[in-house]
Number of protein chains: 2
Amino acid sequence: MAKLYLLPNLLSESPWQNVLPSYNAEVINQIRHFIVEDIRNARRFLKKVNRETDIDSLTFMELNKHTPEMQKNGYLDYIQQGFDVGIISEAGCPGVADPGAEMVKIAYRRGMTVVPLVGPSSILLALMASGMNGQSFAFTGYLPVKKPDRLKRIQQLERQAVQQKQSQIFMETPYRNNHLLNDLLATCQPGTSLCIAADITSENQMIRTRTIADWKKQKPDLEKKPVIFILGS
Amino acid sequence: MAKLYLLPNLLSESPWQNVLPSYNAEVINQIRHFIVEDIRNARRFLKKVNRETDIDSLTFMELNKHTPEMQKNGYLDYIQQGFDVGIISEAGCPGVADPGAEMVKIAYRRGMTVVPLVGPSSILLALMASGMNGQSFAFTGYLPVKKPDRLKRIQQLERQAVQQKQSQIFMETPYRNNHLLNDLLATCQPGTSLCIAADITSENQMIRTRTIADWKKQKPDLEKKPVIFILGS
């Protein structure tokens, strides 16, 4: 029976062998139909994993928040016809903070089998390397953009992190990272721990957990870098 | 400079090439000092990744919740002396729901570099394949053992999952899985979605999301299987 494969993408320019099992390449080589967030990005990824791939013989189906429900449903007809279909997100693992989850829902409604493959997740790698509570954690995506809402949300996250010992993972669009860092340093208690995980899996990877007081002494420049933030105790 | 590597372990009897990048094997082959949860398990893992390894020439340092702080601190002296050290947990990714996090904390206090490698995480793989909200999720570990506390906790998790659209990930010791499933089916609303992810990465992998009402019609036997549960909407 054909299946829906969730195929993690790279997070950086690192060689794919650093972050993907060789099995992923085997699976990818057998798939001809791909649901992708961005076609150019997906082509580049597939070419990287296998230089011999005849990209023009593959079928790409675009998936974003504007894709109509009926079209999404149609994408899975290939599976019913006996062809495996792979989902590739723009970076990292499909289904985590991206539109792939919608496709998985439809697949279950149609009784299909979904197979997640192992790959790099900036959320998970940051949590592993944070030294913070991994028995209890929450990922909340992006914080509110408006300053008063954002500061309130930071205080809320800090309370949950410190009082309930639930590590709080969040992120920001790269060009606003330095603003978020400033807000965190201004809002949180000096003794609260903050993990900053930047450029994960790249040559410039910088992951470190320090207290707010210590970060104030040595503030990194996070401009334009992909960063995961974690508040903990 | 020597570093502290976080080395994911396997989740099942699958070949390591299915779930670990080849880079992990390269890194492992260069490390002689390992901090491990269980020495027999770690030896077996290292032998699997490289049959040529001379296991008896390696140094193993045991880490569990009874390991004294001073001893943990001593484990990292090797790094100061210029030797890379690797942490291997019993299954999956070090630092997530295991004692590795404590070592990472100490490493940062001593100004060391921590490098997380990619590998299988049952929590992440289940979330990917659940089709549930991956923009907002929480992992809460084990539910309370006492029935009244447990039922109350299930209701609380369901409220957070449905009303706040925060996917709720949790687990149970394998021999209590069927009890937990019964409690979930008896406590939650018929329309609430439940993902059951059993035997992840093994040949018997079963991952499926259904409503509580649908699970009631076809109840799987989860006895003795490693399972991740996710409540969502």
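Keep in mind that this is a model prediction, so the values were computed, not measured.

Trainee: Explain the nonpolar core to me, please; I cannot follow it from the model alone.
Mentor: Proteins that are soluble and globular tend to have nonpolar side chains buried together. Ala-126, Ile-169 and Ala-197 of chain A together with Ala-126, Ile-169 and Ala-197 of chain B are the most contacted members of the largest nonpolar core, which has 142 residues in total. The contacts of Ile-169 of chain A, once residues within four sequence positions are left out, are Ile-123, Ala-126, Leu-127, Phe-137, Ala-138, Phe-139, Ile-228 and Ile-230 of chain A.

Trainee: Please clarify how the interface of chain B and chain A should be interpreted in this entry.
Mentor: Note: interface size is frequently given as the accessible area lost on complex formation between the parts. Listed as interface residues are 42 residues of chain B and, on the opposing side, 42 residues of chain A. Contributions of two or more residues to the side of chain B that touches chain A are made by helix H1 (22-29), helix H5 (100-109), strand S5 (114-116), helix H6 (122-130), strand S6 (137-142) and strand S9 (206-211) of chain B. Residue composition of the side of chain B that touches chain A, grouped by class: 26 nonpolar, 14 polar and two charged. As paired strands, strand S6 (residues 137-142) of chain A and S6 of chain B are joined by three bridges and run antiparallel to one another. In the sheet register, Phe-139 of chain A faces S6 of chain B, and the bridge partner there is Phe-137 of chain B.

Trainee: Got a minute to help me understand the domain arrangement of chain A in this structure?
Mentor: Residue and element names in this part refer to chain A. Parsing chain A into structural domains produces domain 1 (4-116) and domain 2 (122-232). Inter-centroid distance (C-alpha atoms) of domain 1 to domain 2 is 30 Å. Across the boundary between the two partners, domain 1 contributes nine residues, which contact seven residues of domain 2. A per-class count over the side of domain 1 that touches domain 2 returns four nonpolar, four polar and one charged.

Trainee: Where do I start with the relation of the copies chain B and chain A in this structure?
Mentor: The relation between the two chain copies is a rotation about an axis coupled with a shift along that axis. Of the two same-sequence chains, chain B is brought onto chain A (RMSD 0.0 Å, axial shift 0.0 Å) by a rotation of 180°. Put plainly, the chains are arranged around a two-fold axis.

Trainee: Can you walk me through the pairing of strand S7 (residues 167-171) of chain A in this structure?
Mentor: Looking down a regular strand, the side chains alternate between one sheet face and the other. Residues and elements named next belong to chain A. Buried residues dominate S7, accounting for five of its five residues. Pairing of S6 with S7 involves four bridges; the strand directions are parallel. Across the sheet, the residue bridging to Phe-137 is Ser-167, located in S7. Between S6 and its parallel partner S7, the chain crosses via helix H7 (residues 147-163), and the hand of that crossover is right-handed. Note: S7 against strand S10 (residues 227-232), four bridges, orientation antiparallel. What sits directly across from Gln-168, in S10, is Leu-231.

Trainee: So what exactly am I meant to see when it comes to unusual backbone geometry here?
Mentor: Note: most residues except glycine have negative phi, and most peptide bonds are trans. Residue and element names in this part refer to chain B. Positioned with a positive phi, Lys-165 is a non-glycine residue whose angle comes to about 50°. Examined against the element boundaries, Lys-165 turns out to sit in the loop between helix H7 (147-163) and strand S7 (167-171). On the neighbour-count criterion, Lys-165 (14 C-beta atoms within 10 Å) is partly exposed. One non-glycine residue, Lys-224, lies in the positive phi region at around 65°. You can see Lys-224 is positioned in the loop between helix H9 (212-217) and strand S10 (227-232).

Trainee: Help me understand the sheet that holds strand S3 (residues 59-62) of chain B, please; the structure alone is not making it clear to me.
Mentor: Read across the sheet, five strands follow the order S3-S2-S4-S1-S5 (chain B) without closing on themselves; strand pairing throughout is parallel. Sheet topology places S3 and S5 of chain B at the edges, where each strand pairs with a single neighbour. Taken over all neighbouring pairs, the strand axes of this sheet differ in orientation by 25° on average, direction set aside. Sheet contacts for helix H6 (residues 122-130) of chain A: strand S1 (4-7) and S5 of chain B; angle to S5 of chain B, the most-contacted strand, approximately 145°.

Trainee: What is the right way to read the sheet that holds strand S2 (residues 33-36) of chain A from this model?
Mentor: Remark on secondary structure: sheet strands pair via backbone hydrogen bonds, oriented parallel or antiparallel. All names here are of chain A. One open sheet holds the five strands; their spatial order is S3-S2-S4-S1-S5, and the pairing between them is parallel. Two strands close off the open sheet at either side, each with one partner strand: strand S3 (59-62) and strand S5 (114-116). Strand-to-strand twist in this sheet, taken as the mean axis angle between neighbours without regard to direction, amounts to 25°. As paired strands, strand S1 (residues 4-7) and S5 are joined by three bridges and run parallel to one another. Across the sheet, Tyr-5 pairs through a bridge with Val-115, a residue of S5.

Trainee: Please clarify how the environment of Glu-26 of chain A should be interpreted in this entry.
Mentor: Along the chain, Glu-26 of chain A falls in helix H1 (residues 22-29). Each C-alpha atom of the pair Glu-26 of chain A and Val-49 of chain A lies 9.6 Å from the other, and the pair is 23 residues apart in sequence.

Trainee: So what exactly am I meant to see when it comes to the confidence of the model for chain A here?
Mentor: Any region with low pLDDT has predicted coordinates that should not be read closely. Residue and element names in this part refer to chain A. A residue-level look at chain A finds 100% of positions with pLDDT of 70 or above and a mean pLDDT of 95. Within chain A, the element-level pLDDT minimum falls on helix H5 (residues 100-109), averaging 93, and the maximum on strand S8 (residues 193-198), averaging 98. At the level of chain-chain contacts, confidence expressed as ipTM amounts to 0.96, with global pTM at 0.96.

Trainee: How should I be thinking about H5 of chain B in this particular structure?
Mentor: One turn of an α-helix holds 3.6 residues; hence residues three or four places apart share an orientation. Residue and element names in this part refer to chain B. Buried within H5 are the following residues: Gly-100, Ala-101, Met-103, Val-104, Ala-107 and Tyr-108. All buried residues of H5 fall inside an arc of 155° around its axis, so they share one side. Directly after H5, the chain includes Gly-111, whose backbone phi takes a positive value near 75°.

Conventions we followed
Residues numbered from 1 in each chain as written. Chains lettered and ligands numbered in written order. Predicted model: local features only at pLDDT ≥ 70, side-chain atom pairs only at ≥ 80, totals over all residues. Core = buried A, V, L, I, M, F, W, Y, C linked by C-beta atoms within 7 Å. Buried ≥ 20, exposed ≤ 12 C-beta atoms within 10 Å, placed from the backbone. Contact = placed C-beta atoms within 7 Å. Helix = DSSP H or I, 4+ residues; strand = E, 2+ residues; numbered from the N terminus. Nonpolar A, V, L, I, M, F, W, Y, C, P; charged D, E, K, R; others polar. Pairing = 2+ DSSP bridges. Domains from an automatic or database assignment. Least-squares fit on C-alpha atoms with pLDDT ≥ 70 in both. Right-handed = clockwise from strand over helix to strand, strands pointing away. Axes fitted to C-alpha atoms, helices over the stretch in contact; angles between N-to-C directions. pLDDT = per-residue confidence, 0-100. Arc of directions from axis to C-beta.

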